[in-house]
Each structure stands twice: as structure tokens, then as C-alpha cells.
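Examining the three-dimensional arrangement
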Amino acid sequence: MAHHSLDSLDRKILRLIAEDARVPFLEVARVCNVSGAAIHQRIQKLYHLGVIKGSKFIIDPEKIGYETCAYIGLNLKSPENFIKAIEALREIPEVVECHYTTGDYDMFIKIYAKNNHHLLNIIHDKLQPLDLSRSETIISFNSAFERQMPITETPLGDELIDDDKDD
């Protein structure tokens, strides 16, 4: 992976916008003591490099009626069914994350349901038809915390980002 150097201004910008994606560029410029145009150019560069993947509003699932959060480990009967299973999982709106994993599961998903009964229906009607050999469901009572990766100085200097290298 090739390295992209992030200087102290890049890291300061990332800290500010990670804390509040709605902060105006002019406010970031004021805090960083540079022009608004410089901030705009830096943020565009960070988007282009893939350091910033976007900005979004985060909706609280509980506030819109989804009171049950669960994590489900899935094992497929046949590994060749991964792509088909992923396509099917994408069609289930309550599935908000899906990860390929090592360890006990082929995939690990995060799902929101209106209640435990709704969760049971999703598991029975939408997940079981995916040709699973087994699944394990863990219900989350509450999130203790969530956060972005911190933007810090690294022991290697300014090299924070790795991309593919032709070594």
C-alpha cells in the first residue's frame, strides 16, 4: 500500500470535521488560521485520496421505532453462496452493516428491528432462506459509546494512509 502523507493541517481539519461534519469551512479556516479556499482545497484532496468517505446525518433508530439492535453471526452451508447471500442481505433494510469475518462466523451483521418479535420475523423470514448452516444472535441492550477513529500523530511521522503499492 502506498503512503499518503498527512501534514498537521490535514490532521487538524480532519479532527474538526470529524467532531462536527456541519462545521462551516470558514470556521475551520479561522481555527486553522488559513483561507477558506485552502480548507476547501484540502478537503477536496482528502476526498480524492479516499481519506474522507462522505458526510451524513445519523438517524437514531430508536427515535423512529427500532428499539432492538442485534448482532448476528452467520454461517453459510456453502462458501460459494457468499455473493448471493450479500445481495440478499442488501435487500433487507433492517440490516445496516455486514462484515466478512474470521473466527466462528462467515459473516457478521448488525440489524435493527422494531422489537424482539420483529427481529424473530426477520431471522425466520429473511435470514433463514439464505441457506445458512447456523446463526447466532446477540441482542445489544445499549451502546456504551461510538466514535470515529482518532486523528493523532503517529510514531512513523506523517504517514497515516496506506493505498495499494506496486512493490
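For the structure, see preceding data.
Keep in mind the model is a prediction, meaning the values are calculated, not measured.

Rules of the game
Residues numbered from 1 in each chain as written. Predicted model: local features only at pLDDT ≥ 70, side-chain atom pairs only at ≥ 80, totals over all residues. Heavy atoms only, no water. Salt bridge = Lys/Arg side-chain N within 4 Å of Asp/Glu carboxyl O. Helix = DSSP H or I, 4+ residues; strand = E, 2+ residues; numbered from the N terminus. Buried < 20%, exposed > 50% of the residue type's maximum accessible area, 1.4 Å probe, protein only. Contact = heavy atoms within 4.5 Å. Phe/Tyr/Trp six-rings, centres within 6.5 Å; stacked < 30°, edge-to-face > 60°.

It is possible for side chains of opposite charge to pair when their charged atoms get near one another. One pass over the full model with this rule turns up six salt bridges. The shortest N-O distance in the salt bridge between arginine 42 and aspartate 7 comes to 2.9 Å. Linking arginine 42 in helix H3 (residues 36-49) with aspartate 7 in the loop between strand S1 (2-5) and helix H1 (8-19), this pair joins segments that are 35 residues apart in sequence. Classification of aspartate 7 as partly exposed rests on a relative accessible area of 28%. When the shortest N-O distance is used, the salt bridge between glutamate 94 and lysine 126 registers 3.6 Å. You can see glutamate 94 sitting in the loop between helix H4 (82-90) and strand S3 (95-100) and its partner lysine 126 sitting in helix H5 (residues 116-127), a full 32 residues away along the chain. Relative accessible area serves as the criterion here: at 8%, glutamate 94 is assigned to the buried category. Judged by its relative accessible area of 35%, lysine 126 falls in the partly exposed class. Linked by salt bridges that have partners in common, Asp7, Asp10, Arg42 and Lys45 make up one network.

One can find valine 23 in the loop between H1 and helix H2 (25-32). Judged by relative accessible area, which is 16%, valine 23 ranks as buried. Residue contacts for valine 23: discarding those within four places in its chain leaves Leu16, Ile17 and Val28.

Take the packing of aromatic side chains next. Scanning the model with the defined rule gives three aromatic pairs in all. With a centroid separation of 5.4 Å and an interplanar angle of 35 degrees, the aromatic rings of phenylalanine 82 and tyrosine 100 are classed as tilted. Placement of the pair is phenylalanine 82 in helix H4 and tyrosine 100 in strand S3, with a sequence separation of 18 residues. On the basis of relative accessible area, phenylalanine 82 is assigned to the partly exposed category, the value being 22%. Owing to a relative accessible area of 54%, tyrosine 100 belongs among the exposed residues under this scheme.

Structural measurements only, silent on function.
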